[in-house]
Amino acid sequence: MSIQHYEVARYKARHPHLFTEPLEVRVRRYAVWGGFIALFIYCLVAFDFSPTRIFIGVQRLGQVLSFMFPPYIWTSWGEFAPIVEGLLETLAIAFLGTVLGAVIAFPLSFLGAKNINRIPFIRHSTRRGYDIIRAFETLILALIFIRAFGLGPLPGILAMAVSEIGTFAKLFSEAIENTSEKPVDGVKASGGSRFQTIRFGVMPQVSPVIISILLYNFESNVRSGTILGIVGAGGIGFLLSDRIAAYKWDEAWSIIFLIIIMVYIIDWLSAKIRKQIIGEFGGTK
Amino acid sequence: MAALNISGLSKHFGTTKAVDSATLEIEAGQFVGVIGRSGAGKSTLLRLINRLIDPTEGSVSFDGVDITKLKGKALRQWRRDCAMIFQQFNLVDRLDVITNVLIGRVAEHSILSSTAMRFSDAERAMAAKALDRLDMVPFALQRAGTLSGGQQQRVAIARALVQNPRIMLADEPIASLDPGNATRVMEALRTINEEDKLTVLVNLHTLDTAREYCGRIIAMRQGQVMFDGPAHELTDAVVRDIYGADGLEDFNEAVTSTSVKGQEPVAA
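Everything quoted here is computed from the prediction, not taken from an experiment.

As for the overall build of chain B
Helix and strand counts for chain B stand at 9 helices and 10 strands. Taking 268 residues into account, the globule formula puts the C-alpha radius of gyration at 18 Å, and chain B, at 19 Å, falls close to it. By its C-alpha atoms, chain B is 55 × 45 × 35 Å across when sized along the principal axes. Every one of the 268 residues in chain B was classed for burial, and the buried ones make up 51%. Put simply, 70% of the contacts in chain B that link residues at least 6 apart link residues at least 24 apart.

Focus on the UniProt feature "transmembrane region" (unreviewed entry) in chain A
All names here are of chain A. UniProt marks residues 30-49, 90-111, 132-150, 198-218, 225-246 and 252-269 with the feature "transmembrane region" (unreviewed entry), using the numbering shown here. Taken end to end, residues 90-111 comprises 100% helix and 0% strand; its first and last C-alpha atoms sit 32 Å apart. The span residues 252-269 carries 100% helix and 0% strand; its end-to-end C-alpha distance comes to 26 Å.

A closer look at the packing of helix α10 (residues 236-245) of chain A against helix α11 (residues 249-278) of chain A
Residue and element names in this part refer to chain A. At a minimum axis separation of 8 Å, α10 and α11 run at an interaxial angle of 155°. Taken together, the axis directions place α10 and α11 in an arrangement best described as roughly antiparallel. For the pair α10 and α11, the sense of crossing is left-handed. Together, I236, L239, L240, R243 and I244 of α10 and W249, E251, A252, I255, I256 and I259 of α11 make up the contact between the two elements. Partitioned by chemical class, the residues of the contact of α10 with α11 number 9 nonpolar, no polar and 2 charged.

Thoughts on the interface of chain A and chain B
Contact residues are listed per partner, giving 12 residues for chain A and 18 residues for chain B. Taking both sides of the interface into account, the surface hidden between chain A and chain B amounts to around 1,400 Å²; carbon and sulfur atoms contribute 65%. Counting across the chain A and chain B interface gives 3 salt bridges. Of the charged contacts, one joins K12(A) and D121(B) as a salt bridge, the two residues approaching to 2.3 Å between their closest N and O atoms. Tallied by class, residues from the side of chain A that touches chain B come to 6 nonpolar, 3 polar and 3 charged.

Thoughts on the UniProt feature "domain: ABC transmembrane type-1" (unreviewed entry) in chain A
Following the UniProt record, the feature "domain: ABC transmembrane type-1" (unreviewed entry) maps to residues 87-270 of chain A here. Across residues 87-270 of chain A one finds 84% helix and 0% strand; the C-alpha atoms that close the span lie 18 Å apart.

Remarks on helix α7 (residues 153-177) of chain A
In a regular helix each residue adds 1.5 Å, so 25 residues correspond to 36 Å; α7(A) covers 35 Å between its end C-alpha atoms and thus fits that length. When the local axis directions of α7(A) are compared, the greatest deviation, roughly 30°, occurs at E164(A).

Focus on the packing of helix α6 (residues 138-149) of chain A against α7(A)
Residue and element names in this part refer to chain A. Packing of α6 against α7 leaves a shortest axis separation of 8 Å and a crossing angle of 135°. As judged from the angle between their axes, α6 and α7 are oblique. Regarding α6 and α7, the two cross each other, and that crossing is right-handed. Residues T138, L141, A142, F145, I146 and F149 of α6 form the contact with α7, whose own contacting residues are L154, P155, L158, A159, M160, V162 and S163. Here the contact of α6 with α7 is composed, by residue class, of 11 nonpolar, 2 polar and no charged.

As for the sheet that holds strand β9 (residues 216-221) of chain B
Residues and elements named next belong to chain B. What the 6 strands build is an open sheet, ordered β6-β7-β8-β3-β9-β10; its pairing is mixed. Edge positions in the sheet fall to β6 (82-85) and β10 (224-230), since each of these pairs with one other strand and no more. Strand-to-strand, the axes of this sheet are offset by a mean angle of 15°, without reference to chain direction. Across 6 bridges, β9 lies against β10 in antiparallel orientation. Across the sheet, residue M220 finds its bridge partner in β10, namely V225. Each of β3 (31-35), β6, β7 (167-171), β8 (199-203) and β9 touches helix α1 (residues 42-50); the most contacted strand, β7, lies at about 150° to it. This element, helix α2 (residues 72-81), spans β6 and β7 of the sheet and lies at about 60° to β6.

Brief notes about the pairing of β7(B)
Residue and element names in this part refer to chain B. Among the 5 residues that make up β7, 5 are buried, leaving the element largely enclosed by the rest of the structure. Alignment of β6 against β7, held across 4 bridges, turns out to be parallel. Within β7, the residue paired with A83 across the bridge is M168. By the bridge criterion, 5 bridges tie β7 to β8 in an arrangement that is parallel. Note that in β8 the partner of L169 across the bridge is L201. Viewed along the sheet, the connection from β7 through helix α7 (residues 179-195) into β8 turns out right-handed.

Conventions we followed
Residues numbered from 1 in each chain as written. Chains lettered and ligands numbered in written order. Predicted model: local features only at pLDDT ≥ 70, side-chain atom pairs only at ≥ 80, totals over all residues. Heavy atoms only, no water. Helix = DSSP H or I, 4+ residues; strand = E, 2+ residues; numbered from the N terminus. Rg over C-alpha atoms; globule rule 2.2 N^0.38 Å. Buried < 20%, exposed > 50% of the residue type's maximum accessible area, 1.4 Å probe, protein only. Contact = heavy atoms within 4.5 Å. UniProt positions renumbered as here; feature names shortened; annotations may be inferred. Axes fitted to C-alpha atoms, helices over the stretch in contact; angles between N-to-C directions. Parallel < 35°, antiparallel > 145°, perpendicular 65-115°, else oblique. Left-handed = near helix turned anticlockwise from the far one by under 90°. Nonpolar A, V, L, I, M, F, W, Y, C, P; charged D, E, K, R; others polar. Buried area = accessible area lost by both parts, 1.4 Å probe. Salt bridge = Lys/Arg side-chain N within 4 Å of Asp/Glu carboxyl O. Expected span 1.5 Å × (residues − 1). Bend = angle between axes of the 7 residues up to and from the residue. Pairing = 2+ DSSP bridges. Right-handed = clockwise from strand over helix to strand, strands pointing away.

Structure (structure tokens):
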């Protein structure tokens, strides 16, 4: 199929909307891009993002990095035991926080899913509830809970669990909404009750997604769990901030390396578990 | 001279021989139907011709050029020359119809112009003309995903047309369509075959459609070509053999028929 010059002109005259977008659309697009770039440049200027400052900072960074050598090695078990304990405590905080958050978020997520909860008022208020919880960063929750429950892992676990409720409930309910109606109709047409359509039609579709979210958030909680200790909510972070405050940079670096190794192992394990449980899962369709 | 020469073409998936040393010659301008039961290797054959997959053995040549050896730019140009439409239409649901049709032009575009999705006026006019032939201009700015199956397949044909192809492959183009839309799509392919003189190679499940539209029918079974000839030579006995319907008491073509009696053919 070929096209002649006169045909181009004819189609252009007859269907101009297929050749150029309306003026208002183009103006809006340029305005949005212009605004975005202006904001970006303004922020750079406002925070004095100058090349000289970056250059000086990078030089000092090299100095801090050089404290890594020679690496600090713990020689006695008495010295090393608290470090191991701190690492395990961080793992335990992440594990308990994730599980507690998921257990509470799971039923809530059904209340927030459009295809399950058909009453808009309850659904919307539940969803706003998730949003409010998510507005509190874990670290802020930890500071509040430390005041109430005292120092140690307990406020850390609670802070993690509460912030995960908001995240999990939102992600789970989106997973539930993204399921296909077809299997649900199949179960319904076979005489299934409302609960049975969820159990047999919806759950098999969402469970791989939920497991995947759980594993990912556990990984991410192990990472962010290290920070909780810095404010006094238990775990390895407390030891790390203590060493940095005492200018024991060599030992601090060794702790950082141990954290990296631990996070790496958790990532690797969770990838294995994910593959084992979910197999070659391509997402809900 | 044959336009498309397939010789000793095989594709193995593990121990399965999806296509088993097929040899075919297809003249320019023919309307060829490929039939056979599910898993007989029809789709694999078309995908081998378009080079969406590479053959295990054998070769395909078009106008004397061995297309099984093509790489890079030459391969992409062959795919452009050899347009393909699919059972599930394979449109980009989130893009509007006109952009979906313009995807037929990507082989001519660089990374830069594709990133900006920028097409020339001549290309846009071509897309409009192709949509016009298939009565789809009124839907040009609608998202492809919002259209019905029959409309989506017509958009897919328009995308194939703007490729300026030399041969058109269709992989069960009407298997997901109702009889009315199936007729429109088959008529569109017939018009393309007759007016644009394009060779058309179409996989079909419905025998009466094959008899109605295809001057030549190729039947496959377990990857091998079992029958190759004009439609009237496709007797009941041959059909039983192809579909392995020995056990079925009354194998009835009408069961799978999608013909609409008395339907006005829609010109594309």
